[in-house]
Amino acid sequence: MKFPGQRKSKHYFPVNARDPLVAQIQHDNPFARTHLVGVGQTIVDIEARVDDDFLNRHSLSKGHSLVLDEDKAEQLYQELKEHDLISHEYPGDTIGNTLHNYSVLADDKSILLGVMSQDLKIGSYAYRYLCNTSCRMDLDYLQPVDGPIGRCYTLITEDGERTFAINEGQMNQLRPESVPECAFENASALVLSSYLVRGKVTDPMKNAALKAIEHAKKHDVPVVLTLGTKYVIEDKKEWWIEFLKEHVTCVAMNEEEAEALTGEKDPLIAADKALDWVDMVLCTAGPVGLYMAGYTDDALKRESTLPLLPGHIPEFNKYEFSRPMMKTDCKNPVRVYSHIAPYLGGPVEIKNTNGAGDAALSALLHDMSANRYHKANVPNSGKHNGKFLSYSSFSQICQYSNRVSYEVLTQHAPRLSRGLPEREDCLEEAYWER
Ligand SMILES: Nc1ncnc2c1ncn2[C@@H]1O[C@H](COP(=O)(O)OP(=O)(O)OP(=O)(O)O)[C@@H](O)[C@H]1O
Ligand SMILES: O=c1[nH]cnc2c1ncn2[C@@H]1O[C@H](CO)[C@@H](O)[C@H]1O
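- In the nomenclature of an unreviewed UniProt entry, the chain corresponds to Guanosine-inosine kinase from the organism Photobacterium lipolyticum.
- According to UniProt, the comment filed for the chain under the heading Sequence similarities (unreviewed entry) is "Belongs to the carbohydrate kinase PfkB family."
- Check the Function (unreviewed entry) section of the UniProt entry for the chain; it says "Catalyzes the phosphorylation of guanosine and inosine to GMP and IMP, respectively."

Shown next as structure tokens:
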């Protein structure tokens, strides 16, 4: 496990073989390991630049992710091919992207639960998916299926907006019995997306996701949910609120999804409202940067030394140097919020915003894993004087998440093609310099 803040000494991960005391512990007890587990829909993103007319002709609503009937999907594909509009093909799926990025950042294991074509032809979409996925991602538990994986036509219009049209193939055929309990032992988190429950009633995927939640709860693994697009939420807002209350520790969303869920346009107020249902919130807001919200115990809260920010909650970032805890683990829970503007003000040239939100979430998950890893290996450390959800503070996680999103914005693919520079300047120092 690489530590999230390893790039400079202040947050250098203290589980280090060079320290003789740690080396001795390591000799007696080999390091306990952890990993991230996710339930995904194996999909390849097929990216094309189209005009509004194209979207209208195929009855697609802009910004939405829509599942098409097989014949309609085929028609759309033929038109893209005929006019030579396809520019890139990448492995996709919001969960696949998150697990891949996690494995690249942490240089450590993630487990993908999903489907894979059993008769794999070289050059097929399934083949492309496997070839371009981190070798740290454990694909051994994938359920073989007879047929293709999903394809996600990622249609980019001139205004930069992206619309997803899905040919689902076999992506929703994961069965609950293909979700093994052993994948959850020592896992640092289970990550799911709201897309998993929008298949046909006969699809087994929803029950597979519920099975994963059942295993996660049994093994005390936090459940993290990322909210697809706003349309998936709008359709059944009350259902999602109950789902969050019952199952979810941390919700990740962008400001549109946050509004669909809470009715609040302001991401800070929306994040605050979501804290009525979950313990921790990551809310990305495009060019405005991102927000985090959560709980910490009153006795463990830490004041920020950064400028206090105005907002609908005045000086909302006052305790952003605190570390997140589950509400039930706090004697006197206090709500904590943090915000960060885009790293370096955003890239000079944005190549593609697709996957920027997934990237932010993978950084948060990396920090949560680092905490579990550290706690398992150095349980008496002062870092664990409370039952924290992450290794770093709200403020530090915001910076890290934004830094990782920035990396995705500067490249074409939705997944990180490489890790962050090893010897990067301290984020706090580098943040506003270009
Ligand atoms: N136009 C932009 N300028 C600067 N930074 C941006 C811009 N768009 C996105 N970002 C950065 O990327 C992060 C995530 O972006 P965004 O809110 O667009 O995610 P998203 O809509 O969930 O993306 P996706 O669903 O494609 O993964 C933001 O918090 C911000 O740091
Ligand atoms: O229905 C879906 N299920 C799973 N992933 C999806 C779906 N629609 C779009 N994306 C994925 O979202 C990523 C960007 O966040 C894209 O890479 C795309 O593959």
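Observations concerning the overall build of the chain
- The helix and strand inventory of the chain stands at 13 helices and 16 strands.
- With respect to the principal axes defined by its C-alpha atoms, the chain has extents near 60 × 50 × 40 Å.
- For the chain, the exposed surface amounts to about 18,700 Å²; the carbon and sulfur share of it is 49%.

Description of the UniProt feature "binding site: ATP" (unreviewed entry) in the chain
- What UniProt calls "binding site: ATP" (unreviewed entry) maps, in this numbering, to T284, A285, G286, P287, V288, G289, G357 and N402. The greatest C-alpha distance among the annotated residues, which extend across 119 residues, is 12.8 Å, indicating that they converge on a single site.
- Exposure remark for A285: the relative accessible area of 2% places this residue in the buried category.
- Beyond its immediate chain neighbours, meaning those up to four positions away, A285 contacts E255, P267 and L290.
- Tracing the sequence through the fold places G286 in the loop between β14 (280-284) and β15 (290-297).

Observations regarding the site of ligand 2
- Taken together, 16 residues form the shell around ligand 2, and within it Q41, D45, S65, R198 and D358 come nearest.
- One of the side-chain nitrogen or oxygen atoms of D45 is found 2.5 Å away from an oxygen atom of ligand 2.
- Considering ligand 2 on its own, with 420 Å² of exposed area, one finds that the protein chains cover 96% of that surface.
- Those elements that provide at least two residues to the shell around ligand 2 are β2 (43-49), α4 (94-106) and β10 (162-167).
- Across the shell around ligand 2, the residue classes break down as 5 nonpolar, 7 polar and 4 charged.

Some thoughts on the packing of aromatic side chains
- Counted according to the given criterion, the structure contains 6 aromatic pairs.
- When the ring of Y77 is compared with that of Y153, the centres are 6.0 Å apart and the planes differ by 40°; the resulting orientation is tilted. Placement of the pair is Y77 in helix α3 (residues 70-82) and Y153 in strand β9 (residues 150-156), with a sequence separation of 76 residues. There is no split in this pair, since Y77 and Y153 are both buried.
- Taking NZ or CZ as reference, K383 lies 3.9 Å from the ring centre of Y391, over its face.

Re helix α9 (residues 255-262)
- Of all the positions in α9, only E257, A258, A260, L261 and T262 are classed as buried.
- On its buried face, α9 is in contact with α7 (230-234), α8 (237-247), β13 (250-254), α10 (267-274) and β14.
- Looking at where α9 begins, the residue whose side-chain oxygen comes 3.1 Å from the main-chain nitrogen of E256 is N254.

Re the pairing of β10
- Burial of β10 is extensive: 5 of the 6 residues sit out of reach of the surface.
- Across 3 bridges, strand β3 (residues 65-67) lies against β10 in parallel orientation. By the bridge assignment, V67 is partnered in β10 with I166.
- Summarising the sheet, β9 and β10 pair through 6 bridges and their orientation is antiparallel. Paired with L155 across the two strands is T163, which belongs to β10.
- Hairpin connection from β9 to β10: 5 residues lie between these consecutive antiparallel strands, with G160 at a positive phi of about 85°.

Some points on the site of ligand 1
- Ligand 1 sits among 20 residues. The nearest are R162, T284, G355, G357 and N402.
- For ligand 1, an oxygen atom lies 2.9 Å from a polar atom in the backbone of G289.
- T353 has a polar backbone atom sitting 3.4 Å from an oxygen atom of ligand 1.
- Notes on ligand 1: free accessible area 640 Å², of which the protein chains cover 85%.
- When residues of the shell around ligand 1 are traced back to their parent elements, those giving at least two are α11 (356-377) and α12 (394-409).
- When the residues that make up the shell around ligand 1 are grouped by side-chain class, the tally is 7 nonpolar, 11 polar and 2 charged.

Topic: the sheet that holds β15
- The strand order β7-β5-β1-β11-β12-β13-β14-β15-β16 describes an open sheet built from 9 strands, whose pairing is mixed. Edge positions in the sheet fall to β7 (137-138) and β16 (333-340), since each of these pairs with one other strand and no more.
- Note: strand β1 (residues 35-39) against strand β11 (residues 187-193), 4 bridges, orientation parallel. Following the sheet pairing, G38 is matched in β11 by V191.

Observations concerning unusual backbone geometry
- The residue E315 is not glycine, and still its phi comes out positive at about 50°.
- Among the secondary structure elements, E315 is positioned in the loop between β15 and β16.
- Backbone geometry places L344, a non-glycine residue, at a positive phi of 55°.
- The topology assignment puts L344 in the loop between β16 and α11.
- Overall, L344 belongs to the buried group, its relative accessible area being 17%.

About the criteria used
Residues numbered from 1 in each chain as written. Chains lettered and ligands numbered in written order. Predicted model: local features only at pLDDT ≥ 70, side-chain atom pairs only at ≥ 80, totals over all residues. Heavy atoms only, no water. UniProt positions renumbered as here; feature names shortened; annotations may be inferred. Helix = DSSP H or I, 4+ residues; strand = E, 2+ residues; numbered from the N terminus. Areas by Shrake-Rupley, 256 points an atom, 1.4 Å probe, with all protein chains shown as cover. Buried < 20%, exposed > 50% of the residue type's maximum accessible area, 1.4 Å probe, protein only. Contact = heavy atoms within 4.5 Å. Near = heavy atom within 4 Å. Polar contact = N/O pair within 3.5 Å; in protein donor to acceptor, adjacent residues only side chain to side chain. Nonpolar A, V, L, I, M, F, W, Y, C, P; charged D, E, K, R; others polar. Phe/Tyr/Trp six-rings, centres within 6.5 Å; stacked < 30°, edge-to-face > 60°. Lys NZ or Arg CZ within 6 Å of the ring centre and 35° of its normal. Pairing = 2+ DSSP bridges.

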